[in-house]
Structure formats: structure tokens, C-alpha cells
Amino acid sequence: MAHIIFLHGPSSSGKSTLAKAIQARIEKPFWHISIDHLRDSGVLPRERFQRGDFDWKENRSTFFDGFHASLAAYAGAGNDLIVEHILDQPEWLDDLRILFAPHNVLFVGLHCPLDILQEREKARGDRPLGSAAQDFHTVHKGRHYDLDIHSREDTGKAVERVLARWRSAERCSDFTRPSFTPL
């Protein structure tokens, strides 16, 4: 069984900052994985998507299916993970619940005021403007976390809270709750 610290929140909410800080303090070697790492490493032919050579909408589903399966494969091989992700498709949570079932998942929600998200998004310049606002209004709806972190919280204190909760093994999130299937 691997340990997975799953950081979930809007674009520009501080997931990368928190992930790096956790990785620097945690007592085990955790991999830090995100879509940004794949994008920035050149795994995707980003420029060709931007030019219109390929249609991102046609390829997005298979990309994320592969990303999710790769996370499960890393964990299945015994690697502990810090994953930063935005669950912007309703089916992704169910898919990940199945893929991560054998593992210990700490689901952490990152919350940030909209004005700060928009400010960060504009300063970064590597996101379509409006992504943060769209995420802000949707990504936390109906989600149940093991721990909530707010962007105004000191990073060091946030790391200590994440580590304390991870060490406690107390879980009560969407990843540990029984699935509800409507009749």
C-alpha cells in the first residue's frame, strides 16, 4: 500500500507551493506529480496544440485517462505520491477512487479567494485567463476532504497540519466514504 497526498483546488490556489514544502519536510521519499510537470517537460506537443495542429478537446480524455492510470501504476509499484490535480470532470473522482482503492489517500482541499486566484493567474501567464474563476466556482462543490487548507494560512503551518493528518491515518474524505449509487 502506498501513501497518496492528493492536493485539490483551483488553478493558482497554491498546490505546487504546498506540494514542494510537504516534500521537503515529510520523512519518506514522496514523488511530487502534476499535470504541470508533464506539460512543462515537453511530454505533450504543447506548441502544436496551441497552433491548432491537434485538437486538445479530442485528446484531453485519453491524456487524463493515461495520467490517472500512471498515478495508480506509480503507487502500485510502492511509490508514495504527492499529487496536485483539479478534478474538473465529475467522473474523475469515481475513476480515481477505484484506481487508488488499495492505497492510503489523504484528500486535501486548497481554498483561495477569487480575487487572489485571478491575480495569480494573470501574473503567471501560463493559464487561459478565466480558468481560475471557472475552477473557483466548481471544483469544491460536493467534495469531502480529510483536511481543508486556506491560501492565507502560513505555508509552514499548512505543511504541519497536512503532515499531522497524514501521520494520524484518520480519513473521512471522498476517497474513504462508501459510494452512493442512486436508484
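Refer to the preceding data block for the structure.
This section reports on the structure supplied with the text. Keep in mind that what you see is a predicted model, and the values were worked out from it rather than measured. (Residues numbered from 1 in each chain as written. Predicted model: local features only at pLDDT ≥ 70, side-chain atom pairs only at ≥ 80, totals over all residues. Heavy atoms only, no water.)

Attention now goes to the pattern of salt bridges. Overall, the coordinates contain 10 salt bridges when judged by the stated rule. As a salt-bridge pair, R60 and D88 come within 2.7 Å of each other at their nearest N and O atoms. A residue pair is termed long-range when its members are at least 10 positions apart, and R60 in helix α4 (residues 56-76) and D88 in the loop between β3 (80-85) and α5 (90-99) qualify at 28 residues. Residues joined by salt bridges that share partners form a network here, namely D36, R39 and D40. (Salt bridge = Lys/Arg side-chain N within 4 Å of Asp/Glu carboxyl O. Helix = DSSP H or I, 4+ residues; strand = E, 2+ residues; numbered from the N terminus.)

It is the contact of helix α1 (residues 15-25) with helix α8 (residues 155-168), at a shortest axis distance of 10 Å, that shows an interaxial angle of 65°. Crossing of α1 against α8: the hand is right-handed. Residue-level contacts link T17, L18, A21, I22 and R25 of α1 to T155, A158, V159, E160, V162 and L163 of α8. (Axes fitted to C-alpha atoms, helices over the stretch in contact; angles between N-to-C directions. Left-handed = near helix turned anticlockwise from the far one by under 90°. Contact = heavy atoms within 4.5 Å.)

This brings us to the side chain of H32. Tracing the sequence through the fold places H32 in strand β2 (residues 30-34). One polar contact links H32 to E84, side chain to side chain, over a distance of 2.5 Å. Excluding its chain neighbours within four sequence positions, the residues that come into contact with H32 are S16, A19, K20, Q23, H37, I82 and E84. (Polar contact = N/O pair within 3.5 Å; in protein donor to acceptor, adjacent residues only side chain to side chain.)

This part covers the side chain of H111. Mapping H111 onto the fold places it in strand β4 (residues 104-111). A distance of 3.4 Å separates a polar atom in the side chain of H111 from a polar atom in the side chain of H140. Setting aside residues up to four positions removed in sequence, H111 forms contacts with H140, Y145, D148, I149, H150 and S151.

What follows concerns helix α6 (residues 114-124). Burial in α6 covers these residues: I116, L117 and E121. Buried positions in α6, seen along its axis, are confined to an arc of 135° and lie on one side of it. Pointing more than 90 degrees away from the buried face of α6 are the exposed residues E119, K122 and A123. The inward-facing, buried residues of α6 abut α7 (131-138). Within two residues after α6, G125 carries a phi angle of roughly 70°, on the positive side. (Buried < 20%, exposed > 50% of the residue type's maximum accessible area, 1.4 Å probe, protein only. Arc of directions from axis to C-beta.)

As a further point, take the packing of α6 against α7. Viewed as axis vectors pointing N to C, α6 and α7 meet at an angle of 150°, and their least axial separation amounts to 8 Å. As summarised for this structure, α6 and α7 are arranged roughly antiparallel, according to the angle between their axes. Here α6 runs over α7; the crossing is right-handed. Counted together, L114, L117, Q118 and E121 of α6 and S131, A132, A133, F136 and H137 of α7 form the full contact between these two elements. Of the residues in the contact of α6 with α7, the class split is 5 nonpolar, 3 polar and 1 charged. (Parallel < 35°, antiparallel > 145°, perpendicular 65-115°, else oblique. Nonpolar A, V, L, I, M, F, W, Y, C, P; charged D, E, K, R; others polar.)

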